[in-house]
Amino acid sequence: MSRPAVFLDRDGTIIVEKNYLSDPAQVELLDGVAEGLRLLQQQGFPLVVVSNQSGVGRGYFTMDRLKAVNARVDELLKEQAIEISGWYVCPHTPDMACNCRKPRPGMIEAACRDLDLDPRQSFVIGDKRADLDLATAVGARGILVTTGYGAGEVDYAHSVGAAVCASILDASDLIITK
Ligand SMILES: [Mg+2]
Ligand SMILES: [Zn+2]
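Residues numbered from 1 in each chain as written. Chains lettered and ligands numbered in written order. Predicted model: local features only at pLDDT ≥ 70, side-chain atom pairs only at ≥ 80, totals over all residues. Heavy atoms only, no water.

Another point: the coordination of the magnesium ion (ligand 1). Surrounding the magnesium ion (ligand 1) are the protein donor atoms Asp9 (OD), Asp11 (O) and Asp127 (OD), which sit 2.1 to 2.2 Å from the metal. Counting gaps between the donor residues of the magnesium ion (ligand 1) yields the pattern D-x1-D-x115-D. Of this pair, aspartate 9 sits in the loop between strand S1 (6–8) and helix H1 (33–42) while aspartate 127 sits in the loop between strand S4 (123–126) and helix H5 (129–138), and the two are 118 residues apart along the sequence. By relative accessible area, aspartate 9 is classed as buried at 7%. (Donors = N, O, S within 2.8 Å, 3.2 Å for Na, K, Ca; no water. Helix = DSSP H or I, 4+ residues; strand = E, 2+ residues; numbered from the N terminus. Buried < 20%, exposed > 50% of the residue type's maximum accessible area, 1.4 Å probe, protein only.)

It is worth spelling out the packing of aromatic side chains at this point. Applying the stated rule across the entire model yields two aromatic pairs. Measuring from centroid to centroid gives 4.8 Å for tyrosine 20 and tyrosine 60, while their planes differ by 85 degrees, and the two rings are edge-to-face. Note that tyrosine 20 is positioned in the loop between S1 and H1 and tyrosine 60 in the loop between helix H2 (54–57) and helix H3 (63–79), a separation of 40 residues in sequence. Summarising the aromatic geometry, the rings of phenylalanine 45 and phenylalanine 123 are spaced 6.3 Å apart at their centres and angled 80 degrees between planes, so their arrangement reads as edge-to-face. One end of the pair, phenylalanine 45, is in the loop between H1 and strand S2 (47–52); the other, phenylalanine 123, is in strand S4, and 78 residues separate them in sequence. Using a relative accessible area of 12% as the deciding quantity, one classes phenylalanine 45 as buried. Classification of phenylalanine 123 by relative accessible area gives buried; the value is 4%. (Phe/Tyr/Trp six-rings, centres within 6.5 Å; stacked < 30°, edge-to-face > 60°.)

Val6, Leu37 and Ile125 are the most contacted members of the largest nonpolar core, which has 29 residues in total. Within the residue set of this core, elements represented by two or more residues are S1, H1, S2, H3, S4, strand S5 (141–145), strand S6 (163–165) and helix H7 (168–176). Ignoring anything within four residues of it in the chain, the contact list for isoleucine 125 reads Val6, Phe7, Leu8, Asp9, Thr13, Ile143, Val145, Ile168, Ala171 and Ile175. Among the nonpolar cores identified, the runner-up in size contains 19 residues, and Phe7, Val50, Met107 and Ala135 belong to it. (Core = buried A, V, L, I, M, F, W, Y, C linked by side-chain atoms within 4.5 Å. Contact = heavy atoms within 4.5 Å.)

Summed over all chains, the structure comprises seven salt bridges. Of the charged contacts in the structure, one is a salt bridge between lysine 102 and aspartate 131, with a shortest N-O distance of 2.8 Å. Here lysine 102, found in the loop between strand S3 (86–90) and helix H4 (106–115), pairs with aspartate 131, found in helix H5; they are 29 residues apart in sequence, far enough to count as distant. Relative accessible area serves as the criterion here: at 6%, lysine 102 is assigned to the buried category. The structure contains a network of salt bridges with shared partners spanning Asp9, Lys102 and Asp131. (Salt bridge = Lys/Arg side-chain N within 4 Å of Asp/Glu carboxyl O.)

With that settled, consider the sheet that holds S4. The pairing of strands in a sheet comes from backbone hydrogen bonds and takes either a parallel or an antiparallel form. Strands sit in the order S3-S2-S1-S4-S5-S6 across an open sheet of six strands; the sheet is parallel. Only two strands of the sheet have a single neighbouring strand rather than two, namely S3 and S6. Each strand axis lies, on average, 25 degrees off the axis of its neighbour in the sheet, ignoring direction. (Pairing = 2+ DSSP bridges. Axes fitted to C-alpha atoms, helices over the stretch in contact; angles between N-to-C directions.)

Attention now goes to the packing of H1 against H7. Running from amino to carboxyl end, H1 crosses H7 at an angle of 20 degrees, the nearest separation of the two axes being 7 Å. When the axes of H1 and H7 are compared, the pair comes out roughly parallel. Of the two elements, H1 crosses H7, and the hand of that crossing is left-handed. On H7, the residues that touch Val33, Glu35, Gly36, Leu37, Leu39 and Leu40 of H1 are Ile168, Leu169, Ser172, Asp173, Ile175 and Ile176. Among the residues making up the contact of H1 with H7, the classes are represented as eight nonpolar, two polar and two charged. (Parallel < 35°, antiparallel > 145°, perpendicular 65-115°, else oblique. Left-handed = near helix turned anticlockwise from the far one by under 90°. Nonpolar A, V, L, I, M, F, W, Y, C, P; charged D, E, K, R; others polar.)

Glancing now at the layout of surface pockets. In this structure, the largest pocket encloses a volume near 420 Å³. In terms of lining, the largest pocket is formed by 21 residues, of which the most central are Asp11, Glu17, Asn52, Ser54 and Lys128. Of all the secondary-structure elements, those providing two or more residues to the lining of the largest pocket are S2, H2 and H5. Per-class residue counts for the lining of the largest pocket are five nonpolar, six polar and ten charged. (1 Å grid on protein atoms, 1.4 Å probe; cavity = no way out; pocket = protein on both sides within 12 Å on 5 of 7 lines; lining within 4 Å. Points joined across faces, edges and corners; volume = space filled by probe spheres on them.)

Here it is in structure tokens:
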């Protein structure tokens, strides 16, 4: 039977937003991320990262560089006893018209196939409207965090019925006590 999961944006949600980050040494976890993800993990939610990385498609950095950044995020989370169940990345630019660039559903569809997840019982946490629109596209519940670019999307979140949280820690409380 398919399980619920928590889908997570990377930049501005798990780690500090740095425009087109490509240096593993610049990776910094946001406040509340370790605590919040640990709570979700204890509740049995698989944690799945879904990240648009058009910097690859634009030629700003290579896929190897992107993998090194993601490995650093994984390493910092493992130090906090947090295990990411799946990493999904869209390397394309907006004009490539792929099916994986958020808000299109390709990354979540792939994760649901790979990990036997049910998007309709799941949550998407992110700091941009593309994350909230992705939630809508797959029938999940969207949660805006006001870290990263999120403070500028509060009105939009309200307009689409998404919850607004100050951090992943707040979002985890909301999910667990829903
Ligand atoms: Mg983001
Ligand atoms: Zn894509």
